[in-house]
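Structure assessment
The lines below spell out each chain.
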Amino acid sequence: MSLRSIAFETLKLPPFAPLGRRLYRHYFERQRHGNHYLGVFDNYSEALQAVPGRLPASYDSAESARRYRGRIARLSVGDYPVLHWLSHLINAGRRRIFDLGGHIGVAYYAFQRHHPYPDDLRWLVADLPTTIEAGRAWATAHDPSGRLAFTDERQAADGHEVLLVLGAMQYFDFDFAAWLGALRAAPRHLIISLAPMHDAHDFHTLQNMGFACVPYHIHARPAFLQAMTRMGYEEVDAWFHDERQCRIPFAPGYDVDRYSGFYFRRRQPADAPSAA
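As a starting point, this report considers the structure included with it. (Residues numbered from 1 in each chain as written. Predicted model: local features only at pLDDT ≥ 70, side-chain atom pairs only at ≥ 80, totals over all residues. Heavy atoms only, no water.)

1. A look at the overall build of the chain
Basically, it comes down to this: Under the DSSP-based scheme used, a helix requires at least four consecutive residues in state H or I and a strand at least two consecutive residues in state E, with every element numbered from the N terminus. Remark: exposure states derive from per-residue accessible area (1.4 Å probe, protein chains only) relative to the maximum for the residue type, with buried under 20%, exposed over 50%, and partly exposed in between. Should any heavy atoms of two residues lie within 4.5 Å, those residues are considered in contact. The convention is simple: Lys and Arg are positive, Asp and Glu are negative, and His and the chain ends are not counted. Just so you know, the charge point we use is NZ for Lys, CZ for Arg, CG for Asp and CD for Glu.
Helix and strand counts for the chain stand at nine helices and 10 strands. Principal axes of the C-alpha set define a box for the chain whose edges measure 65 × 45 × 35 Å. Counting all 276 residues of the chain, 47% fall into the buried class. When contacts within the chain are restricted to residue pairs at least 6 apart in sequence, long-range pairs at least 24 apart make up 76% of them. Across the chain, 31 positive and 29 negative side-chain charges occur, with their mean positions spaced 4 Å apart.

What follows is the structure, encoded as structure tokens:
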């Protein structure tokens, strides 16, 4: 353990905690690399109001739009369950994919290196305006097939067969389950990955990524699964991303030791024709 780590752990001890919190906040506000977390808040609005004034509080920026392009060329360990189930669904004839929070189409480009897409596949990414603009520019040179498209309307998920939420759910400023339940024709298949889930608590914290400091939603796993059941979805598969953790200094009991992934399938009425 480094001297900095020893000092940091010492400052967590009760006699030093008030000083430690002040020093950590000073440290948090000045970080420009990596992911750092601060505080526990009841909801998105409360967390947004707590963003330090010196930090940009929006993900809708040119710097954000330039991020993550390295993921196009390689998969992480946690991507393989997503690739498995997406390949299964494509092979079963699913052709309309909605990628909520899909950036410039990172997953679209990364997965096609391992599973060539059929000509009639259509992949629609929903994201923030600046990122969408960057995605369209990137697609001009990198998607000659024209299968990839973009929208800033999340309601466009209506009528799609597959919904992907890959490392994005923690940034939503809306209730995900409620939004899904309000769609007229919600996707039957839902693949989620890199979602921070706590065994008991549902809360927001702040994440400072250097280029932005934004509210970050940690879902309570039991409550989330119950909400998905109420929406008519059954859990087909679940996995963990052991390479990702969320550590919130001076908030004992709120750390997340590993992130979660799921494949849900919406139940059909008994008299409906079966589908993959």
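Read on, since the account is not over.
2. Topic: helix α9 (residues 221–230)
How we decide: In this description, the arc belongs to the directions extending from the helix axis to the C-beta atoms.
The complete set of buried residues in α9 reads Arg 221, Phe 224, Ala 227 and Met 228. The arc enclosing the buried residues of α9, seen along the axis, measures out at 125°, which places them on a common side. Among the residues trailing α9, Gly 232 stands out with phi positive, at a value near 95°.

3. Looking at the pattern of salt bridges
Worth spelling out the cut-off: What makes a salt bridge here is a side-chain nitrogen of Lys or Arg within 4 Å of a carboxyl oxygen of Asp or Glu, nothing more.
In this structure the tally under the stated criterion is 10 salt bridges. Asp 158 serves as the salt-bridge partner of Arg 184, at 3.8 Å between the closest nitrogen and oxygen. Linking Arg 184 in the loop between α8 (176–182) and β6 (189–198) with Asp 158 in the loop between β4 (148–151) and β5 (162–166), this pair joins segments that are 26 residues apart in sequence. Judged by its relative accessible area of 78%, Arg 184 is exposed. What emerges from the salt-bridge pattern is a single network uniting Arg 25, Glu 29 and Arg 30.

4. A few points about the environment of Ala 50
Following the sequence through the fold, Ala 50 ends up in the loop between α3 (44–49) and α4 (62–66). Among residues more than four places away in sequence, those in contact with Ala 50 are Arg 25, Phe 41 and Leu 206.

5. A word on the environment of Pro 129
Mapped onto the elements of the fold, Pro 129 is located in helix α7 (residues 129–142). Spatially, the C-alpha atom of Pro 129 lies 8.8 Å from that of Ser 61, the residues being 68 residues apart in sequence.

6. Regarding unusual backbone geometry
Where the residue is not glycine, phi is negative for most of them; where a peptide bond is considered, it is trans in most cases. For His 103, which is not a glycine, the phi torsion comes out positive at approximately 60°. In this fold, His 103 is placed in the loop between β2 (96–100) and α6 (106–112). Assessed through its relative accessible area of 7%, His 103 is described here as buried. Phi at Leu 194 takes a positive value of approximately 50°, unusual for a residue other than glycine. Among the secondary structure elements, Leu 194 is positioned in strand β6. Take Leu 194: its relative accessible area is 15%, and that puts it in the buried class.

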